[in-house]
Amino acid sequence: MNNNLQKILIIDYGSQYTQLIARRIRELEVFCLVYPYHKITNKLLKDINPSAFILSGGPKSVLDKNSPKLNELILNKNKPILAICFGMQLITKNLKGKVKKAINREYGHTLINIKKKSAIFKGINKNRFKVWMSHGDNISKIPVSFSITSLSDSEIISSIEDIKNKIYCLQFHPEVYHTDYGLKIINNFLFNIVKIKTRFRLKKFTETKILELKNQLKDKKIICGLSGGVDSTVTAYLLDKAVNKNLFCIFVDHGLLRKYESKDVSKIFKKKFGSNFIKVDASKLFLERLKNIYHPEKKRKIIGKTFIEVFEKEAKKITNVKFLGQGTLYPDVIESIPFFGGPTAKIKSHHNVGGLPKKMKLKVVEPLRELFKDEVREVGRNLKINKYLLLRHPFPGPGLAIRIPGIIDKKKISILKEADYIFINYLKEKKLYNKIWQAFVVLLPIKSVGVMGDERTYSYVASLRAITSVDGMTADFYMFNNKQLKEISSLLINNVKGINRVLYDFTSKPPGTIEWE
Ligand code: XMP
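Just so it is clear, the structure is predicted and the values come from calculations on it, not from any experiment.

Participant: I'd love a proper account of the site of the ligand, names of residues and values included.
Facilitator: Taken together, the neighbourhood of the ligand is formed by 16 residues, with Lys348, His351, Gln438, Lys509 and Glu515 sitting nearest. In the model, an oxygen atom of the ligand is placed 2.7 Å from a nitrogen or oxygen of the Gln438 side chain. One of the backbone N or O atoms of Ile514 is found 2.8 Å from an oxygen atom in the ligand. Of the residues contributing to the shell around the ligand, the split by class is five nonpolar, seven polar and four charged. Each of two domains, domain 2 (202-390) and domain 3 (411-504), supplies a minimum of three residues to the shell around the ligand.

Take a look at the structure:
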């Protein structure tokens, strides 16, 4: 990482929007890092040397005894601060203002009225606009050095500032897309208040990263698990630029991929990496081990373990390997404080090619660990990676196994492959594919009675899943219109032997998850 790059430090108090703050800042080509509030130490601040701080929102109330506290180190650094929602209340409380429980909490779209000209609202030529609120406490008395810059329609304080100390507090969430001028407000903070000069540009990142990798890897061999997903693909292409013939890519086909996927992906990689691309067909072994396995977590564990076994066995055939390349992204690195469920609540044990074992005693190289998914795609575009690979919807490591709730078998896999293929092709044909973040079919473990022609049918039920999302952490179901639903349903029933009923999954995340298992 370029040491001259100015950095914004985002302090996470557990808001579901913390990563969104980071993404919005990156959209403005400014580098930022996220750390949980309890990890802020003098050493960390010295290491990062941030140009400014952003305090996130959070689910707790500053009125509760056990709520997160403000680390006073932040106030002593004389750096600009943008404090959002819970962050604003923390600042208020610490600087001897008053916070009280709201009689009517503000949630969702709210109108605010500008009361005083402020650098944070510069360039917004409306005095009244819509913002996104989500708070149960209000500021009832502002700290002495502050002034009020806006009030909501219900006369609740929606922003305050201390110009002298460059502390700007917002009760609403500028990072949420529903806030009008949200990006403008963040832009004002970064460029008019903090006066950021350096830019984090992905083209430059790509060039610098290749040089960095060249220096690090020199003429040593590196292996990389390649799944055909965006993260492992971009990792491999970057590594290829750095070490070329010393990169070995292993593609494990577990038999749970989509129709034609193994063939299509292999063809592209074979062309790119030649004999350094190694494909292992382990579908038989995976299916054997998954036989009669019913529980989602058991399935996930078996797939993860078998994957590692197969990968290790193949990797051992390549001699003198020193490094292991992995497609870890920034969201996996951030120790975000989980909003839904406690810190230890484990929803699913994720498996991906990034989770290869420590015992392989290889030095791990993670060239994408500072980036978000959309940034990885941009790096991919810089590397001229095939669009088919770059724009594909995310696909889970355990593949179709977690899209067939309960016991899986060859027949079910083949029905699901066909149904998924037809559904996805429909979305592509109707130009809906890129509007949807992820779409797939789930094959339910129940059969229902139907009639086709004059014949009774007794076949499986399929459920469609299509969601919109920013990062997969929260999601909304996509709203197809009646005509589209009818068309998809007939396409599936008429063309997939084994399905006679189609449902649509109207569940957001939370409370649902994207995958069914
Ligand atoms: P959930 O179902 O947890 O999924 O809402 C969120 C996103 O993660 C993907 N997913 C996985 N990706 N390994 C992966 O690489 C996994 O084990 C895994 N499980 C879920 C899922 O497809 C969605 O995009």
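Still more ground to cover, so stick around.
Participant: Can you break down the domain arrangement of the protein chain residue by residue, with the values?
Facilitator: Each assigned domain of the protein chain is listed here: domain 1 (7-193), domain 2 (202-390) and domain 3 (411-504). Contacts between domain 1 and domain 2 engage 15 residues on the former and 13 residues on the latter. Between domain 1 and domain 2, the buried area comes to about 1400 Å², and carbon and sulfur atoms account for 56% of it. The three residues of domain 1 that bury the most area against domain 2 are Gln19, Arg23 and Arg26, which together make up 38% of that side's buried surface. Our enumeration of links across domain 1 and domain 2 arrives at two salt bridges. Glu375 is paired through a salt bridge with Arg26; the nearest N and O atoms lie 2.7 Å apart. Remark: the boundary between domain 1 and domain 2 carries four residue pairs in polar contact (both at pLDDT 80 or more). Among the residues forming the side of domain 1 that touches domain 2, the class breakdown is eight nonpolar, three polar and four charged.

So, how was this worked out
- Residues numbered from 1 in each chain as written.
- Predicted model: local features only at pLDDT ≥ 70, side-chain atom pairs only at ≥ 80, totals over all residues.
- Heavy atoms only, no water.
- Near = heavy atom within 4 Å.
- Polar contact = N/O pair within 3.5 Å; in protein donor to acceptor, adjacent residues only side chain to side chain.
- Nonpolar A, V, L, I, M, F, W, Y, C, P; charged D, E, K, R; others polar.
- Domains from an automatic or database assignment.
- Contact = heavy atoms within 4.5 Å.
- Buried area = accessible area lost by both parts, 1.4 Å probe.
- Salt bridge = Lys/Arg side-chain N within 4 Å of Asp/Glu carboxyl O.

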